[in-house]
Amino acid sequence: MQHRTVPSGKLTQSWPRSVGQVGGPSSPWFGLREGKWTANGKPKYNGQNYDPYVDGPSTPLFPFGFGLSYTSFNYTNLTARVISSNHKNLSEVVISATVSVTNTGKMDGKETIQLYITDPVMNLIRYWKRLVGFKKVAIKSGSRATVQIDVRGEDLAFYDESMKFRVVPGEYLLAVGGSSVNTLVSCILTIM
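Residues numbered from 1 in each chain as written. Predicted model: local features only at pLDDT ≥ 70, side-chain atom pairs only at ≥ 80, totals over all residues. Heavy atoms only, no water.

J.: Teacher, can you tell me more about the overall build of the protein chain here?
T.: Per the secondary structure count, the protein chain includes one helix and nine strands. When the elements of the protein chain are put in sequence order from the N terminus, they spell out β-β-β-β-β-α-β-β-β-β. Split into buried and exposed, the 192 residues of the protein chain put 40% on the buried side. Taking contacts inside the protein chain between residues at least 6 apart in sequence as the whole, the part at least 24 apart equals 69%. Roughly 11200 Å² of accessible area belongs to the protein chain as shown, and the carbon and sulfur atoms make up 53% of that amount. (Helix = DSSP H or I, 4+ residues; strand = E, 2+ residues; numbered from the N terminus. Buried < 20%, exposed > 50% of the residue type's maximum accessible area, 1.4 Å probe, protein only. Contact = heavy atoms within 4.5 Å. Areas by Shrake-Rupley, 256 points an atom, 1.4 Å probe, with all protein chains shown as cover.)

Laid out in structure tokens, this is it:
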């Protein structure tokens with residue numbers, strides 16, 4: 001390795017620690033909101049996190065979006081705004097999120113900024129956290145870039161109990177970072 005280029009690839013799936021985790025409740029994407037466990041150590045049930053494994057942790061070996069680099073990045077100033085409340089046209093941009101990313105390392109590099117969303121609490125079991133947008137940007141060492149990621153209604157919508165594809169009004173948690181478990185800044189946005 002000559003360090004002439006900086007790696008910037010990211011994993012497109014989580015890598016399990018063992019074969020016993022494949023298809024199991026250790027997935028960082030599923031978490032029961034009113035049930036017995038929630039992935040990634042979020043809410044606690046009876047004062048303790050639920051871990052279905054006795055011989056090891058339930059976290060993935062490498063999480064979705066994980067990647068290595070010769071430089072480092074810092075995320076600050078996440079802001080989000082609702083652009084459209086028209087839930088009929090799902091191809092319209094509904095949310096616009098902006099974040100500042102600074103290359104804090106000694107080398108120029110590329111970073112894939114990943115925007116995740118957590119839906120409002122509802123009766124249906126949904127993914128605990130979903131990737132709804134990303135953007136890859138090149139940032140020189142010591143420089144800062146302001147990155148905007150737009151989210152369309154169809155990225156937020158799902159089929160409800162009546163099999164209608166719709167956006168659920170409520171408070172959404174937006175989080176931005178370099179991987180699914182390394183979300184460094186977050187904000188709450190209300191969609192009416």
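We are not done yet, so read on.
J.: Help me understand the nonpolar core, please; the structure alone is not making it clear to me.
T.: Side chains of nonpolar character tend, in soluble globular proteins, to be buried together. Ile95, Val99, Ile113, Leu156 and Leu174 are the most contacted members of the largest nonpolar core, which has 31 residues in total. The greatest single-element share of this core, amounting to five residues, is contributed by strand β2 (residues 93-103). Non-local contacts of Val99, meaning those with residues more than four positions away in its chain, are made with Tyr75, Thr76, Asn77, Leu78, Ile113, Ala145, Thr146, Val147, Val176 and Val185. (Core = buried A, V, L, I, M, F, W, Y, C linked by side-chain atoms within 4.5 Å.)

J.: Help me understand a nonpolar patch on the surface in this model?
T.: Residues Trp15, Leu61 and Phe62 make up a contiguous nonpolar surface patch of roughly 280 Å² in combined accessible area. Of note, Phe62 is situated in the segment before β1 (73-82). (Patch = residues over 30% accessible without salt bridge, like charges linked within 9 Å, V, L, I, M, F, W, Y side chains within 5 Å. Salt bridge = Lys/Arg side-chain N within 4 Å of Asp/Glu carboxyl O.)

J.: I'm lost on the pattern of salt bridges in this one. Help?
T.: Note that side chains of opposite charge can pair when their charged atoms are close. If you walk through the whole model with that rule in mind, you get five salt bridges. Arg166 serves as the salt-bridge partner of Asp160, at 2.5 Å between the closest nitrogen and oxygen. Taking the relative accessible area as the measure of exposure, Asp160 reaches 8% and is therefore buried. Through salt bridges that share partners, Arg152, Glu154 and Asp155 make up one connected network.

All we've got here are geometric facts, nothing functional implied.
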